[in-house]
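Secondary and tertiary structure notes
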Amino acid sequence: MDTQPTETTGRSIVVKLFRRHGVESESVASIADAVATVKVASEFDEAKILQDDEVVYHSERNGSIEGWERAWEREKRRLSAEESAWDCPHGVEQCYEDDRCIDCQIDRAAGNTPAESAAERGE
């Protein structure tokens, strides 16, 4: 997988559907939304999902969107299972920067989040 899966927001994600008579582009909020867009689209010759102008899915190179989606989900789980650079202030072992524990989610909703993560500090 060329581009690693992430739930981090603030990225530009675009779906491009190539048809015989033109290209249809649609901005979406997440990779999951992009996958759904490709799945419901009909009669396209080629499809691409771009994240920050970098191709993460190309129908000719990656095959079916369903197969790519399964591989993307597997890789996302693998990455979240590896040691996280996030230091949970509540000491929860299964708390990751992209998938925080309930206490960290409550802190974030209340605006009481630490200024930066270990990754942002360069650790």
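Overview of the structure. Small disclaimer: the values here were computed from a predicted structure and weren't measured.

1. Side note on the overall build of the protein chain
Secondary structure summary: the protein chain contains five helices and four strands in total. Reading the protein chain from its N end, one meets helices and strands in the order β-β-α-β-β-α-α-α-α. Expressed as a percentage of its 123 residues, the buried residues of the protein chain come to 29%. The long-range share in the protein chain, meaning contacts at least 24 apart out of those at least 6 apart in sequence, stands at 45%. With the model as given, the accessible surface of the protein chain reaches about 8000 Å², and the carbon-plus-sulfur share is 44%.

2. A closer look at helix α1 (residues 31-40)
All buried positions along α1 are accounted for by Ile-31, Ala-34, Val-35, Thr-37 and Val-38. Along α1, the residues classed as buried sweep out an arc of 160° about the axis, all on the same side.

3. Description of the packing of aromatic side chains
All told, the structure shown has two aromatic pairs when counted by the stated rule. Where Tyr-57 meets Trp-68, the ring centres are 5.5 Å apart and the plane angle is 55°; that geometry is what we call tilted. Taken as a pair, Tyr-57 in strand β4 (residues 54-58) and Trp-68 in helix α3 (residues 65-81) lie far apart in primary sequence, eleven residues in all. The pair formed by Tyr-57 and Trp-68 is uniform in burial state, with each residue classed as buried.

4. Brief notes about the environment of Val-35
Within the secondary structure layout, Val-35 lies in helix α1. Taking the C-alpha atoms as reference points, Val-35 and Ile-49, separated by 14 residues in sequence, lie 8.1 Å from one another. Not counting the four nearest positions on each side in its chain, Val-35 is found in contact with Ile-49, Ile-65, Trp-68 and Glu-69.

5. Quick look at the side chain of Ser-59
Examined against the element boundaries, Ser-59 turns out to sit in helix α2 (residues 59-62). Since its relative accessible area comes to 17%, Ser-59 is described here as buried.

6. Considerations on the pattern of salt bridges
In total, this model carries two salt bridges according to the counting rule given. Of the charged contacts in the structure, one is a salt bridge between Glu-24 and Arg-19, with a shortest N-O distance of 3.3 Å. Relative accessible area serves as the criterion here: at 27%, Arg-19 is assigned to the partly exposed category. One salt bridge in this structure joins Lys-39 and Glu-69, with 2.6 Å as the shortest N-O distance. With Lys-39 in helix α1 and Glu-69 in helix α3, this residue pair connects regions lying 30 residues apart in the sequence. Classification of Lys-39 as partly exposed rests on a relative accessible area of 39%. In this structure Glu-69 comes out as partly exposed when scored by relative accessible area, which is 23%.

7. A closer look at the pairing of strand β1 (residues 13-19)
Pairing between β1 and strand β2 (residues 22-28): seven bridges, direction antiparallel. Paired with Ile-13 across the bridge in β2 is Val-28. Here β1 hands over to β2 after two residues, the two strands then running antiparallel side by side. Looking at chain direction, β1 and strand β3 (residues 46-51) are connected through six bridges and run antiparallel. Residue pairing for β3: Leu-17 is matched across the bridge by Ala-47.

Procedures and definitions
Residues numbered from 1 in each chain as written. Predicted model: local features only at pLDDT ≥ 70, side-chain atom pairs only at ≥ 80, totals over all residues. Heavy atoms only, no water. Helix = DSSP H or I, 4+ residues; strand = E, 2+ residues; numbered from the N terminus. Buried < 20%, exposed > 50% of the residue type's maximum accessible area, 1.4 Å probe, protein only. Contact = heavy atoms within 4.5 Å. Areas by Shrake-Rupley, 256 points an atom, 1.4 Å probe, with all protein chains shown as cover. Arc of directions from axis to C-beta. Phe/Tyr/Trp six-rings, centres within 6.5 Å; stacked < 30°, edge-to-face > 60°. Salt bridge = Lys/Arg side-chain N within 4 Å of Asp/Glu carboxyl O. Pairing = 2+ DSSP bridges.

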